[in-house]
Amino acid sequence: MTRRSVWAVGTCLALATLTACAGFASHPEPTGTALPSEVPSTPTYATAKAVVRAMGQAGLDCGTVRSRDYDGSSTADCVATVDGVKAENEISVFDPDDVSKTEIGTSIESRRTGAHAQTLVAAGNWYIRVMDPPSAPAIAKALRAVVLDAKDTGAKTPEYPLPGIPSTPTYKKADALADALSASVGCFQRETTSTGSIKCETGKLGSGDSDCAVLTLHPTHARRDAALREAIKYRGVPAELVTAGNWTVNLCDTTLGAKAARDLGGVVVAYDGR
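Model, not experiment: these values are computed from the prediction.

Along the protein chain, the regular secondary structure elements total seven helices and 12 strands. In the protein chain, buried positions account for 49% of the 274 residues. Long-range pairs, those at least 24 residues apart, make up 63% of the contacts in the protein chain with a sequence separation of at least 6. Of the roughly 12700 Å² that the protein chain leaves accessible, carbon and sulfur atoms contribute 50%.

If you want it as structure tokens, here you go:
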């Protein structure tokens, strides 16, 4: 699996079981996985947009990035800020007349397990994939729901002992970090994401090939370290990041980390995928 495909995981999982990416016809309750017992039966919502509105009414604004209605379900991606961190949340809502609780339970189980296990917030007839797991308790509180942590099935890596990370340099804007990276290994075709990170292309020195990087600023060292651990937890997916101060650079090209770290005054945090 490429690093690009890893970043796309979760937008719409290609599961054999239920997802919110297709419609469903009414049918008897199938065999499958029941909803976790801790998931409350309410509140329920008619659409994913209604969940977004409910978050706002609870004081947790979540700006909609995209939304779509299907036959029997609807989805929306929105960006919320929790403890200074902006992150996307993927909302899936299901019509109980078309989709059974067992089907929703099976979908939840599929998302919480496997190599790319996800953290969810769930209640009633809906769940949210929380892209920033530390934000999950605040989202659950706002929506009177529960947090369903990703399950440890033995496929995860052990907790990685992060190296000593320099407290400087720091940056006030991601563009300044991008300029520093550009002077080191390249950072062109820049794109600012909905969460304020910058995606750009790096160049393999002397080869003419290019690859991608994601540059992110973090409000606290604890949030930075949480992001580093999230980036290196997937078996089978090598990771190479450079970090210092209040920033991380996630490099698709794992050969560039040492040079970028020297030039930017940071350290490498890496995982070989095994």
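To continue, consider the sheet that holds strand β5 (residues 126-130). Across a sheet, paired strands are connected by hydrogen bonds in the backbone, their directions being either parallel or antiparallel. Spatially, β1-β2-β3-β5-β4-β6 is the arrangement adopted by the six strands of the open sheet, whose pairing is antiparallel. Pairing within the sheet leaves two strands with one partner each, and these edge strands are β1 (62-70) and β6 (146-148). Pairs of neighbouring strands in the sheet enclose a mean axial angle of 25 degrees, with direction left out of account. Direction of pairing for strand β2 (residues 73-82) relative to strand β3 (residues 85-94): antiparallel, over a ladder of 10 bridges. Opposite Ala 76, over in β3, you have Ile 91 as the bridge partner.

Moving on to the packing of aromatic side chains. Under the defined criterion, the tally for this structure stands at three aromatic pairs. Here the aromatic rings of Tyr 171 and Trp 247 are separated by 6.1 Å at their centres, their planes lie at 70 degrees, and the arrangement is edge-to-face. Placement of Tyr 171 in the loop between β6 and α5 (174-184) and of Trp 247 in strand β11 (residues 247-251) is noted, with a sequence separation of 76 residues between them. The class for Tyr 171 is buried, based on a relative accessible area of 17%.

All right, on to the state of the cysteines then. Tallying each qualifying case throughout the model produces three disulfides. A disulfide bridge connects Cys 212 with Cys 252, and the sulfur atoms are separated by 1.9 Å. Looking down the S-S bond of the Cys 212 and Cys 252 bridge, the torsion is -75 degrees, so its handedness is left-handed. Of this pair, Cys 212 sits in strand β9 (residues 210-217) while Cys 252 sits in the loop between β11 and α7 (257-264), and the two are 40 residues apart along the sequence.

Turning next to the pattern of salt bridges. Under the definition given, this model contains 10 salt bridges. The partner of Arg 223 in a salt bridge is Asp 83, and the shortest N-O contact between them spans 3.6 Å. Taken together, the positions of Arg 223 in helix α6 (residues 221-231) and Asp 83 in the loop between β2 and β3 put the pair 140 residues apart, joining distant regions of the chain. On the accessibility criterion, Arg 223 (10% relative accessible area) is buried. Assessed through its relative accessible area of 59%, Asp 83 is described here as exposed. Across the pair Asp 179 and Arg 190 runs a salt bridge, and its minimum N-O distance is 2.9 Å. With Asp 179 in helix α5 and Arg 190 in strand β7 (residues 188-192), this pair connects stretches of sequence that are 11 residues apart. Residue Asp 179 is classed as partly exposed on the basis of its relative accessible area of 44%. Each of Arg 66, Asp 77 and Glu 88 takes part in salt bridges that share partners, so that together they form one network.

As a further point, take the packing of α5 against α7. Here α5 crosses α7 at 120 degrees, and the two axes come no closer than 9 Å. The orientation of α5 with respect to α7, classified from their angle, is oblique. In terms of crossing hand, the pair formed by α5 and α7 is right-handed. Across the interface between the two elements, Leu 177, Ala 180, Leu 181 and Ser 184 from α5 touch Lys 259, Ala 260, Asp 263 and Leu 264 from α7. Among the residues forming the contact of α5 with α7, the class breakdown is five nonpolar, one polar and two charged.

A separate point is unusual backbone geometry. In this chain, Thr 42 is followed by Pro 43 through a cis amide linkage whose omega measures 0 degrees. On the secondary structure map, Pro 43 appears in the loop between α1 (3-8) and α2 (48-57). For the bond from Thr 168 to Pro 169, the omega torsion is 0 degrees, close enough to zero to count as cis. Of note, Pro 169 is situated in the loop between β6 and α5. In this structure, Asp 83 is a non-glycine residue whose phi angle is positive, near 55 degrees. At Arg 144, a position not held by glycine, the phi torsion is positive, near 55 degrees. With respect to the helices and strands, Arg 144 occurs in the loop between α4 (136-143) and β6.

Basis of the calculations
- Residues numbered from 1 in each chain as written.
- Predicted model: local features only at pLDDT ≥ 70, side-chain atom pairs only at ≥ 80, totals over all residues.
- Heavy atoms only, no water.
- Helix = DSSP H or I, 4+ residues; strand = E, 2+ residues; numbered from the N terminus.
- Buried < 20%, exposed > 50% of the residue type's maximum accessible area, 1.4 Å probe, protein only.
- Contact = heavy atoms within 4.5 Å.
- Areas by Shrake-Rupley, 256 points an atom, 1.4 Å probe, with all protein chains shown as cover.
- Pairing = 2+ DSSP bridges.
- Axes fitted to C-alpha atoms, helices over the stretch in contact; angles between N-to-C directions.
- Phe/Tyr/Trp six-rings, centres within 6.5 Å; stacked < 30°, edge-to-face > 60°.
- Disulfide = S-S within 2.5 Å.
- Salt bridge = Lys/Arg side-chain N within 4 Å of Asp/Glu carboxyl O.
- Parallel < 35°, antiparallel > 145°, perpendicular 65-115°, else oblique.
- Left-handed = near helix turned anticlockwise from the far one by under 90°.
- Nonpolar A, V, L, I, M, F, W, Y, C, P; charged D, E, K, R; others polar.

Taken by themselves, the reported measurements are silent on function.
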